[in-house]
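Observations on chain architecture
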Amino acid sequence: MNRIAQKVYDLALPVAQEQNIDIWDVEYLKEAGQWFLRVYIDKDGGVGINDCEAFSRAMDPILDEADPIEGSYVFEVSSAGAERELKRPSDFEKFLGSHVEVKLYKAIDNSKLYAGTLLAYADGDVTIEQAGQKLTFEKAAVAQVRLRII
């Protein structure tokens, strides 16, 4: 998480706790010449549009007051999504036994994409079971891991 995303996370945490939601991720990035601040939220039972709206309305005055970002940006609040990216060790721990898709930087056996059941996560290495085989991918080889709905 970059410095701005971390500052926004810190500002958003009390709001999330008050609304009984979790902050899944915060992104601050530039797309097509425009800066975006995105907060992804989650809660048991899923997130709806009303949750996103309530969180956004609560955050607006906090962001205006703290002014953590110079210049203009678009603020968005969204559900983490059913096929969310797993980033932190706690994400992997929470979803052990779930179906995931592992995307690699470089192909192994002519494939950069592997899908299976998440068995383990240790020091960044990801182990899945695919068609009865255990496959472990080293941290340096893994570009992205996300949940997969099958």
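These remarks concern the structure in this document. No experiment lies behind these values; they were computed from the predicted model shown. (Residues numbered from 1 in each chain as written. Predicted model: local features only at pLDDT ≥ 70, side-chain atom pairs only at ≥ 80, totals over all residues. Heavy atoms only, no water.)

1. Observations concerning the pattern of salt bridges
Applying the stated criterion to the full structure yields eight salt bridges. Ionic pairing is found between Lys94 and Asp42, a salt bridge with its closest N-O pair at 3.8 Å. In this pair, Lys94 is assigned in helix H3 (residues 89–94) and Asp42 in strand E2 (residues 34–42), connecting sequence segments 52 residues apart. Using a relative accessible area of 8% as the deciding quantity, one classes Asp42 as buried. Put simply, Asp51 and Lys43 hold a salt bridge, and the shortest N to O gap is 3.0 Å. Owing to a relative accessible area of 27%, Lys43 belongs among the partly exposed residues under this scheme. Through salt bridges that share partners, Glu31, Arg38 and Glu76 make up one connected network. (Salt bridge = Lys/Arg side-chain N within 4 Å of Asp/Glu carboxyl O. Helix = DSSP H or I, 4+ residues; strand = E, 2+ residues; numbered from the N terminus. Buried < 20%, exposed > 50% of the residue type's maximum accessible area, 1.4 Å probe, protein only.)

2. Structural notes on the sheet that holds strand E3 (residues 74–79)
Spatially, E1-E2-E3 is the arrangement adopted by the three strands of the open sheet, whose pairing is mixed. Whereas interior strands pair on both sides, the edge strands pair on one side only; in this sheet they are strand E1 (22–31) and E3. Between one strand and the next, the sheet's axes are offset by a mean angle of 20°, whatever the strand orientation. Where E2 lies against E3, six bridges are found, and the strand directions are parallel. Along E3, the bridge assignment pairs Val39 with Val77. Sheet strands touched by helix H1 (residues 3–18): E1 and E2. Its angle to E1, the strand with the most contacts, is close to 145°. Lying over the sheet, helix H2 (residues 49–66) contacts E2 and E3, oriented at roughly 145° with respect to E3. (Pairing = 2+ DSSP bridges. Axes fitted to C-alpha atoms, helices over the stretch in contact; angles between N-to-C directions. Contact = heavy atoms within 4.5 Å.)

3. Quick notes on the nonpolar core
In this structure, Leu37, Val39, Ile41 and Phe55 are the most contacted members of the largest nonpolar core, which totals 21 residues. Mapped by element, the contributors of at least two residues to this core are H1, E1, E2, H2 and E3. Top element by residues in this core is H1. It accounts for six residues. Ignoring anything within four residues of it in the chain, the contact list for Leu37 reads Val8, Val26, Glu27, Tyr28, Leu63, Ile69, Tyr73, Val74, Phe75 and Glu76. Ala80, Phe95, Leu135 and Leu147 belong to the second-largest nonpolar core, a separate cluster that totals 18 residues. (Core = buried A, V, L, I, M, F, W, Y, C linked by side-chain atoms within 4.5 Å.)

Coordinates in, geometry out; function isn't part of it.
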